[in-house]
Structures are given as C-alpha cells and as structure tokens.
Amino acid sequence: MSWETLRLDWDDDDVATITIDRPDRMNALNTDTLDALEEALDEAEERGARVLVLTGAGDKAFIAGADISYMKDIGTPEAQEYAEQGHRIASRLEEFPAPTVAAINGYAFGGGMEFALACDLRVASERALLGQTEIDLGIMPGWGGSVRLPTLVGDELARRLIFFGERVDASDAHEYGIVGEVVAHDQLDSHVEELAADLAAKPRHALAGAKAAINMSHDAPRDAALDFEARVWSGLFGTHDQREGMDAFLEKRDPDFE
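Small disclaimer: the values here were computed from a predicted structure and weren't measured.

### Here's the deal with the nonpolar core
- Ranked by internal contacts, the top residues of the largest apolar core, which has 48 residues, are Ile18, Ile104, Phe115, Leu130 and Ile178.
- Looking at which element gives the most residues to this core, the answer is helix H1 (residues 31-46), with 6 residues.

### Looking at the side chain of Thr55
- If you trace the backbone, Thr55 turns up in strand S3 (residues 51-56).
- Within polar-contact distance, the side chain of Thr55 engages the backbone oxygen of Ala103 at 2.9 Å.
- Setting aside its immediate chain neighbours within four residues, Thr55 contacts Thr17, Ile18, Thr19, Ile20, Phe62, Ala103 and Asn105.

### Quick look at the domain arrangement of the protein chain
- Taken domain by domain, the protein chain comprises domain 1 (4-199) and domain 2 (202-249).
- Measuring from the centre of the C-alpha atoms in domain 1 to the corresponding centre in domain 2 gives 27 Å.
- Each side of the interface is counted separately: domain 1 has 14 residues, and domain 2 has 7 residues.
- Both sides together, the interface formed by domain 1 and domain 2 hides about 790 Å², and carbon and sulfur atoms give 43% of it.
- One can count 1 salt bridge joining domain 1 with domain 2.
- For the pair domain 1 and domain 2, the number of links is 9 residue pairs in polar contact (both at pLDDT 80 or more).

What counts and what doesn't
- Residues numbered from 1 in each chain as written.
- Predicted model: local features only at pLDDT ≥ 70, side-chain atom pairs only at ≥ 80, totals over all residues.
- Heavy atoms only, no water.
- Core = buried A, V, L, I, M, F, W, Y, C linked by side-chain atoms within 4.5 Å.
- Buried < 20%, exposed > 50% of the residue type's maximum accessible area, 1.4 Å probe, protein only.
- Helix = DSSP H or I, 4+ residues; strand = E, 2+ residues; numbered from the N terminus.
- Polar contact = N/O pair within 3.5 Å; in protein donor to acceptor, adjacent residues only side chain to side chain.
- Contact = heavy atoms within 4.5 Å.
- Domains from an automatic or database assignment.
- Buried area = accessible area lost by both parts, 1.4 Å probe.
- Salt bridge = Lys/Arg side-chain N within 4 Å of Asp/Glu carboxyl O.

See below:
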C-alpha cells in the first residue's frame, strides 16, 4: 500500500516505522491520514512487525494534533465518529502485539500527544513540546488523553495540564513521567533505531505476553490481573524461545530467539 500523507518503512530487524508525512501542516491528522494510519497498522500487524515506531516527518512536529480546519464546522454526530476513530487508533497502538515506540521529534499536541500516550515507550527530542492543548479550542481531549495521562502523571497534574492546556518541554515531560527518555535532537533517529533493534532481538511471544499483562493490570481487578499473568507466563513454557533462552543462560551464550 502507499499513502499520500503517511509512510510505512521496514528495516532488516522487522521494525516497522510509521511516519506521518504532512510536514507543511505540522503533521496534523486529517481524515485521510487517520484512514491511512489504520491501514498502516493493519499492514504492520499482518506482516508481523517485531517493533512499531511512530514519528512525524520534518524537523518541527511529531503530530501537532487533529485537523482543526475539519473539526470547526462539524456537529455532534460527526464529532462522535471522529472520536471513535481516534480511540480505535489509540487502542490499536496500545494493544499492538509488539512494542510501540513514539519518537517525538517536535510538537506533540492534542491528538498527537494522545497517540504518543498510547504507545508503550516514548523518546523525545530535546526540542519536543507536548501538551493536551484542546481546552483553548473550546473542547477537551477526545482520543484518550483524559484517561491515559492521569495513569502516567497522577490525577492532580493531569488535571492541571488538561485544564490549562499547558505545553511542556521535553525536560519537564521527562520529569513528569510523560516520556521515558530525552535525547539530543540530531541523535533521536539513531537512538530510537538502536532501541528498536534491541527490542526486536527479544523473544516475540514473551514481549507480547508481557505487554498484554501490563495492559491488563491497568484495567482488571488485581486478582484477575495476577491470574492472567500466571496463565500467560505458564503458556510460554515449551516454546522455542523459552527453551532457547534458558539453554543459552545455562550454557553462558547469547540466545537465538525466533
């Protein structure tokens, strides 16, 4: 598949990189781009990506948000459909059966920040600015920000960030726990490439199981989450990667996972 506003690239480690490619519009998400993003996620999953990276084209923006020129004239039914599509995509990132990494190379506002929050890991350029900035448009986060942000930073801070629409730089975002790492702007691509390669070398099914168990811990009662963890853990026994990992440990060599 090919798209006008999005690229899907692959490397030799089966790392898929989705790049929102509207740099002249700060990679804002219009409806065509959202449709393309859903198709790209389908393709990445069908082809068995071991890691998925989400980033933006150009030197200024990761994703500067949803398309305001589209939103300004729609009514409630259209807004509901738009919200549902944003939620579908965020859930796909959150539930993708491999680690997802947001490489935040610039502005990540509104829906852009929400998609970053849905990723497993977030690495920010030192130039990045992040914020749930919807309040100054007369709306609020609609693609999961009011749910995922409090999980990361706590209730009080999330309310302040959302109520005031505050834009935070990469250093503060790291201090708040919104991003896991901040790197020099010119080193972001190479750093994320190395991080993704390290993840891609890990056992695929164990990573997927660990991700599912962590996600379950956010949504289910404690006993149910612990039961799920035990079932996923025990299901990994007898697989090639479990045997290879333990043999390699005992034989003092590097494992060769599938």
